[in-house]
Amino acid sequence: MDTADRLRGGMARGVLSFPLTSFTATGELDIEGYRAYLETQLAAAPGAVFPACGTGEFFSLDEDEYRQVVTTTVEVAAGRVPVVAGIGYGWAQAVRFARIAEEAGADAALVMPHYLVAAPQDGLVAQLAQIAARTRLPLIAYQRGQVAFTADSLRRVAAIPGVIGLKDGHSDLDRLQRLTLAAPEGFLFFNGASTAEVQARAYATVGIPAYSSAVHAFAPEIAGAFFTALGEGDHARADELLRGFYVPLVELRDRVPGYAVSLVKAAARLRGRRVGPVRAPLTDPGPDDLATLDALLATGLDLVGATR
């Protein structure tokens, strides 16, 4: 079974896990803490695991730290689920990270939005072509921020050997419907919006039921319950979780830039996970927001019958 088929099967079985990267109180990489934390993530049976991506603070890792994170993920996963490592910046740097991920044994790579500059469609396609020509890893493109493909560009992207899918972070359903219709059969799509569960049903209407879950990074019990409710068509249960947990979490997340990561990490610490603080330029939540998060986490766990 090739990587695309393994990912397709995983997406049907569970949410996609984007684990946090563990740091010490003084900001050094805590690889043993990461190993222990990752075991709890994999025990919840995600569809795949994506180390060193946005939630994993890829942007703050040096190459040696990145190597340790991806290598440890491959070791801990031990073939149970596909490992898709984050790569990014300009194509030359993305290739450097891709080669490290190859050596570490990753199954594929997620190409995160390039650094800083806006670019025309021809440039977005060329960026992926340059990376694909220099790595054996299957690639998943990630459109977010300054990266947004047209239907014509996606046809060209999908024709690049080695490019197998697209993660979307724009939540533009009109554009997404055009992209899914333009893509060849078997091309992978998944919902990568922040707190993707809030938009999961909307994405499913345009043929994209798979999604990544930041909540899985700290409360896989809640993420799993929501995934099950959607899969079973239990909309009353899904609405209960949205009203009681997910929507209030989004409202808290939107208070401060960077909370899409730092709130997740704070919630994992509240669960006793050894993940440590975020690295600058992100900041950890202040006391008031942390108290709100703590109460919200307790509510969410109670809704699914889980304990702290």
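Residues numbered from 1 in each chain as written. Predicted model: local features only at pLDDT ≥ 70, side-chain atom pairs only at ≥ 80, totals over all residues. Heavy atoms only, no water.

## Some points on the sheet that holds strand β5 (residues 139–143)
Test applied: Two strands qualify as a pair provided DSSP detects at least 2 bridges between them. Numbered from the N terminus, helices here are DSSP runs of H or I no shorter than four residues, and strands are runs of E no shorter than two. Working convention: axes come from line fits to C-alpha atoms, limited for helices to the stretch in contact. Angles between N-to-C directions cover 0 to 180 degrees.
The sheet built from 5 strands is open, its strands ordered β3-β4-β5-β6-β7 with parallel pairing. The two strands at the open ends of the sheet, each matched to only one other strand, are β3 (84–87) and β7 (188–191). With direction set aside, neighbouring strand axes in the sheet form an average angle of 25°. Relative to strand β4 (residues 108–111), β3 runs parallel, the two being bridged by 4 bridges.

## Quick notes on the nonpolar core
To keep it simple, the criterion reads: Here, nonpolar core means buried Ala, Val, Leu, Ile, Met, Phe, Trp, Tyr and Cys residues that are tied together by side-chain atoms lying within 4.5 Å of each other. Categorising residues by exposure relies on relative accessible area from a 1.4 Å probe, with only protein chains included: less than 20% of the type maximum marks a residue as buried, more than 50% marks it as exposed, and the intermediate range marks it as partly exposed. Note on definitions: a residue-residue contact is assigned when non-hydrogen atoms from the two residues lie within 4.5 Å.
Residues F50, Y66, I87, L110, V215, F218 and Y246 are the most contacted members of the largest nonpolar core, which totals 106 residues. Sequence-distant contacts of I87, that is, excluding residues within four places in its chain, are made with F58, Y66, A94, F97, A98, A109, L110, V111, M112, I131 and L139.

## Some details on unusual backbone geometry
In this structure, P281 follows A280 across a cis peptide bond, with omega equal to 15°. Note on placement: P281 falls in the loop between α11 (259–270) and α12 (287–303). In this model, A45 sits at a positive phi of 55°, which is unusual for a non-glycine residue. If you trace the backbone, A45 turns up in the loop between α2 (31–43) and β2 (48–49). You will see that A78, though not glycine, has its phi angle at about 50°, which is positive. Its place among the elements puts A78 in the loop between α3 (63–77) and β3.

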